[in-house]
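A look at the structure
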Amino acid sequence: MKQCKREINCYSFYDRSGIEAHLEQMAKKGWLLDKISGLFWTYQAAEPQALRFAVSWYPQASDFDPVPSEGQQTFHEFCAHSGWKLAASVGPMQIFYNDQPDPLPIETDPALELRQIHKQAKKMMISYGLLLVLAFLMGGSWVYSLLHEPISLLSSASSLFSGFCWLVLGIYEASDLLCYLTWRRRALAAAELGQFLPTPSVRRLSQAVLILVGLGMVYWLLATREPGLRLIAAAMLICVGLLFVIVNSVKAILKRKGFSARANRIITLTVDFVVAFALIGGVTYSFVRLAASGRISLWEQREIPLTIEALIGRKEEGYVQEFRPSGTVFVSQSECYEHALRGLGGDPRSPTLRYTIVDVHVSGLYDWCREELLHEYDDYGVTADVDEGDAPYYVYHQTDPAPWGAREAYQLWSYGQPRDRYLLCWDERLVKLDLDWAPTAEQQRIAGEALSPA
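Remember, predicted model here, so these are calculated numbers, not experimental data.

Quick notes on the rules
Position numbers for residues start from 1 in each chain and track the written sequence from start to end. Two thresholds apply to this predicted model, a pLDDT of at least 70 for residue-level local features and 80 or more for giving and counting side-chain atom pairs, whereas whole-chain, interface and lining totals are computed over all residues. The side-chain figures draw on all heavy atoms in the structure; neither hydrogens nor water molecules are used. One side-chain nitrogen of Lys or Arg within 4 Å of one carboxyl oxygen of Asp or Glu is enough to make a salt bridge. Note on conventions: DSSP H or I runs of at least 4 residues are helices, E runs of at least 2 residues are strands, and numbering of each starts at the N terminus. We call a residue buried when its accessible area falls under 20% of the maximum for its residue type, exposed when it is over 50%, and partly exposed in between, using a 1.4 Å probe and counting protein chains only. Centres within 6.5 Å are what make two rings of Phe, Tyr or Trp a pair, Trp counting through its six-membered ring; a difference in plane orientation under 30 degrees is then read as stacked, over 60 as edge-to-face, and the rest as tilted. Here, over-ring charges are defined by two tests on the NZ atom of lysine or the CZ atom of arginine: distance to the ring centre within 6 Å, and angle to the ring normal within 35 degrees. In this analysis, strands are considered paired if DSSP registers two or more bridges between them. Each axis is a line fitted through C-alpha atoms, and for a helix only the stretch in contact is used; angles between axes span 0 to 180 degrees, taken between their N-to-C directions. By nonpolar core we mean a set of buried residues, namely Ala, Val, Leu, Ile, Met, Phe, Trp, Tyr and Cys, connected to one another through side-chain atoms within 4.5 Å. Any two residues having at least one pair of non-hydrogen atoms within 4.5 Å are treated as being in contact.

Turning our attention to the pattern of salt bridges. Pairing is possible between side chains that carry opposite charge, provided their charged atoms lie close to one another. Scanning the entire structure with this criterion turns up 13 salt bridges. Here arginine 429 makes a salt bridge to aspartate 359, at a shortest N to O gap of 2.7 Å. Pair noted here: arginine 429 is in strand 15 (residues 429-435) and aspartate 359 is in strand 9 (residues 353-360), with a separation of 70 residues, a long-range link. Of the residues examined, aspartate 359 reaches a relative accessible area of 18% and is grouped as buried. A salt bridge links arginine 445 to glutamate 449; the nearest nitrogen and oxygen atoms lie 2.8 Å apart. Note that arginine 445 and glutamate 449 are positioned in helix 11 (residues 441-451) at a spacing of 4 residues, about one turn of the helix. For arginine 445, a relative accessible area of 34% gives the class partly exposed.

Structure follows, in structure tokens:
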């Protein structure tokens, strides 16, 4: 039989009632709390028994203390005199258990308990406030991008995942903070009557957030079309795990060596910074070296669907191709580029080809994406027009789609002159084509056949 068990701590710091009830259920199943940290709870196998648990706070205690202070030891002895044995502690939080069916409570003054909880809450509120502000800013930026640049956002698994994470984090932080403040207001009123008010719990929400973020990460890893990002993500996850183990090991060693709480905190935070810097720097340096040597690639290596050779009928020497795909269940986007480079035998004055293929997988998003492409140059400035007043520098004008074999076609104009840039529209596909020469009718046909959906 397994003798040790770990679980993720999904309880809020103030959720005394939820923690006590959970630990009592675990004891009935034969698991007795042994250690706690901010992230994990560790249990040891024991005989199933009905125990009562109590969560108390000793504000002067610190997780960096080498040994319990004299006052803390006195507090533990006082609790032991009433039958309460210390199960585990982390910083100010002390968790006791008692095998008596109806033991004397440790806390007898609800007002004092509220003051002790609120001391910890004020420290937590700083981080909660910063995270809420950051979630609001990042979420606002995400919504702005969704409204104004839907193609880039909806075709990027990374952008969707990061925006989703900030959204659920903001919801969780706001819910937890609101629950605490609402409970505290009611608890203060109950304390005036000498009553303890049970704490609310957001444990289910916390578990849901962890599951959703985990599923989101799995989807991101599966959906991303950038193999280099998968490698970076895996390396970063390993670094986070190593950093967690190293920092906690240093803190534990210093506690065993008898370092003071202040010295332990300074050394541990210094080690945290140095190791984090070294790990992230090492991953970045290794990735840059591997990418420069060609051993790994950030983008998929594949032939682009339309080439200059197909358009002009001859093979140009010294040409390189770039293919940058990205996609989600909503939108896929492939950026394709072909150009000549000096040093590879190519003439830098040779023609270049650039185009972007956008496949819309949700029909309701098609017009939205089409409008983005039609108006992407609206912010490039305006020019005075005698007849129409101020007008954008760049404007798409509809043109004949028949030579391209498309449903709709638009050509970009600036200063009243046509440019060799086109927007081609098929069902569920949009193509932005940028040439540096005026295509012939035959080249339009070839391009349309190569770029149209299969």
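The rest of the description comes next.
This part takes up the packing of aromatic side chains. Applying the stated criterion across every chain, the model contains 15 aromatic pairs. Here the aromatic rings of phenylalanine 13 and tyrosine 14 are separated by 5.3 Å at their centres, their planes lie at 85°, and the arrangement is edge-to-face. As far as the burial class goes, phenylalanine 13 and tyrosine 14 line up, both buried. Taking the centre distance of 6.4 Å and the plane angle of 75° together, the rings of phenylalanine 40 and phenylalanine 244 count as edge-to-face. Here phenylalanine 244 lies in helix 7 (residues 227-256) and phenylalanine 40 lies in strand 3 (residues 40-45), a separation of 204 residues in the sequence. Residue classification places phenylalanine 40 among the partly exposed positions, given a relative accessible area of 24%. Among the aromatic residues, those joined into a ring-pair cluster are Phe13, Tyr14, Tyr180 and Trp183. If you follow arginine 6 out to its NZ or CZ, it ends over the ring of phenylalanine 40, 5.5 Å from the centre. Looking at lysine 251, its charged tip hangs above the ring of phenylalanine 64, at a distance of 5.4 Å from the centre.

Strand order in the open sheet formed by 3 strands is 4-6-5, and the pairing between neighbours is antiparallel. In the strand order of this sheet, the two ends are held by strand 4 (52-57) and strand 5 (85-90), each with one partner. Along the sheet, successive strands turn relative to each other by an average axial angle of 20°, direction set aside. Where strand 4 lies against strand 6 (residues 93-98), 6 bridges are found, and the strand directions are antiparallel.

A few words on unusual backbone geometry. The residue glutamate 428 is not glycine, and still its phi comes out positive at about 70°. Tracing the chain through its elements places glutamate 428 in the loop between strand 14 (417-426) and strand 15. Assessed through its relative accessible area of 55%, glutamate 428 is described here as exposed.

One recurring pattern in soluble globular proteins is that nonpolar side chains are buried together. Ile19, Leu23, Leu33, Trp41, Phe53 and Ile95 are the most contacted members of the largest nonpolar core, which has 31 residues in total. Counting residues per element, the ones that place at least two in this core are helix 1 (16-28), strand 2 (31-36), strand 3, strand 4, strand 5, strand 6, helix 3 (110-148) and helix 5 (157-191). Sort the elements by how many residues they give to this core and helix 5 lands first, with 5 residues. Each residue touching isoleucine 95, except ones within four places of it in the same chain, is listed here: Ile19, Leu23, Leu33, Ile36, Phe53, Ala54, Val55, Lys85, Leu86, Ala87 and Ala88. Ranked by size, the runner-up nonpolar core spans 24 residues in total, among them Ile304, Tyr319, Tyr422 and Ile446.

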